[in-house]
Structure formats: structure tokens, C-alpha cells
Amino acid sequence: ETGERPHAAVTFAAGGVEHRAESDGNGPVDASLKAIESKVQSGAEMMLYSVNAITSGSTESQGEVTVRLQHGGRVVNGVGADPDIVIASAKAYLSALNKLHSKAERVAAQG
């Protein structure tokens with residue numbers, strides 16, 4: 001179907017509470033990160049999104065994602081790895097949010 005935007009549903013824990021978020025986006029990664037942002041409302045600006053393939057000699061390669069966020073003059077990097085690039089991206093985003101709000105509540109990725 002043309003005109004269908006990718007839709008993502010994400011479950012993650014923040015402050016000991018499990019959240020489920022859904023969003024549309026330009027792709028599955030964009031939709032996932034928008035879904036997380038819709039719940040945490042960090043207001044952070046993404047400065048960098050980078051993907052590297054990690055191969056460990058086995059047939060199952062992992063994607064390692066680096067996300068750089070900026071908010072209120074602070075710049076932090078988050079890294080996530082997973083065979084599923086969408087999950088790796090969500091882990092990286094949540095990792096960066098953790099660092100950004102390290103003095104506030106902690107946000108943990110659910111794999």
C-alpha cells in the first residue's frame with residue numbers, strides 16, 4: 001500500500017515503570033525513536049545517528065548504533081548493539097537519554 005508510514009510499538013522501562021509507546025515515522029528506526037520520545041519527552045536534539053556492523057566470526061552479525069543527543073548545552077553519546085538494527089537503535093537512544101538525565105530518573109532498555 002502506498003502512502004503507508006512505518007509504525008512502531010516500543011516497550012521500555014523508565015523509573016521502574018514499564019511504558020509502551022507507538023508512533024509513525026519515516027522508517028522503522030525513526031518510528032521507534034519517535035515512540036520513545038513521545039513518552040519521555042526529553043526535548044533532546046539528535047546530532048548523530050551512525051550504524052556499524054560488528055561481526056564476531058559467526059554468521060550472526062550485530063549492528064552497533066551510536067546516537068548523539070544534545071540538550072541544554074550537554075552533548076552525550078549512547079551506544080546499543082543487537083542483531084535487529086531497530087532494537088540496537090532504541091538501546092542506543094535510551095543509553096544516550098540515561099546519560100543526558102543521569103541526575104534525573106534512569107531509563108533502561110528492554111531487549
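Note that the structure is a prediction, hence the values are computed from the model and not measured.

1. A word on the overall build of the protein
So, point 1. Counting its secondary structure elements, the protein contains two helices and six strands.
So, point 2. Reading the secondary structure of the protein in the N-to-C direction produces β-β-α-β-β-β-α-β.
So, point 3. The buried share of the protein, reckoned over its 111 residues, is 35%.
So, point 4. A sequence separation of at least 24 residues applies to 35% of the contacts in the protein between residues at least 6 apart.
So, point 5. Per element, the accessible surface of the protein, about 6400 Å² overall, is 47% carbon and sulfur.

2. So, the pattern of salt bridges
So, point 1. A complete count under the given rule lists three salt bridges for this structure.
So, point 2. In this structure, Glu22 engages Arg20 in a salt bridge whose closest nitrogen and oxygen atoms are separated by 3.6 Å.
So, point 3. The exposure class assigned to Glu22 is partly exposed, which follows from its relative accessible area of 45%.
So, point 4. Put simply, Asp82 and Lys91 hold a salt bridge, and the shortest N to O gap is 3.4 Å.

3. Some details on the sheet that holds strand E5 (residues 74–82)
So, point 1. Spatially, the three strands line up as an open sheet ordered E3-E4-E5, and their pairing is antiparallel. Whereas interior strands pair on both sides, the edge strands pair on one side only; in this sheet they are strand E3 (45–54) and E5. Each neighbouring strand pair of the sheet contributes to a mean axis angle of 15°, computed without reference to strand direction.
So, point 2. Where strand E4 (residues 62–71) lies against E5, nine bridges are found, and the strand directions are antiparallel. Counterpart to His71 in the pairing with E5 is Arg74.
So, point 3. Strands in contact with helix H2 (residues 85–100) are E3, E4 and E5; relative to E5, the strand with the most contacts, it is inclined by about 150°.

4. Quick word on the pairing of strand E1 (residues 7–14)
So, point 1. One ladder, built from eight bridges, connects E1 with strand E2 (residues 17–24); its direction is antiparallel. Within E2, the position partnered with Thr11 by the bridge is Arg20.
So, point 2. Adjacent in sequence and paired antiparallel, E1 and E2 are bridged by two residues, among which Gly15 carries a positive phi angle near 60°.

5. Notes on unusual backbone geometry
So, point 1. Unusually for a residue other than glycine, Gln41 sits at a positive phi of about 45°.
So, point 2. Turning to its location among the elements, Gln41 is positioned in the loop between helix H1 (28–40) and E3.
So, point 3. Residue classification places Gln41 among the exposed residues on the basis of a relative accessible area of 63%.

Procedures and definitions
Residue numbers run consecutively from 1 along every chain, following the written order of its sequence. Two thresholds apply to this predicted model, a pLDDT of at least 70 for residue-level local features and 80 or more for giving and counting side-chain atom pairs, whereas whole-chain, interface and lining totals are computed over all residues. As a rule here, side-chain values cover all heavy atoms of the structure and leave hydrogens and water aside. Under the DSSP-based scheme used, a helix requires at least four consecutive residues in state H or I and a strand at least two consecutive residues in state E, with every element numbered from the N terminus. To sort residues, take the accessible area from a 1.4 Å probe on protein chains only and compare it with the maximum for the residue type: under 20% means buried, over 50% means exposed, and anything in between is partly exposed. It only takes one pair of heavy atoms within 4.5 Å for two residues to be counted as in contact. Values of accessible area rely on a 1.4 Å probe in the Shrake-Rupley scheme; residue burial ignores everything except the protein chains shown. One side-chain nitrogen of Lys or Arg within 4 Å of one carboxyl oxygen of Asp or Glu is enough to make a salt bridge. Only strands that DSSP links by at least two bridges are regarded as paired with each other. Lines are fitted to the C-alpha atoms to define the axes, a helix being fitted only along its stretch in contact, and any angle between axes, read from their N-to-C directions, falls within 0 to 180 degrees.

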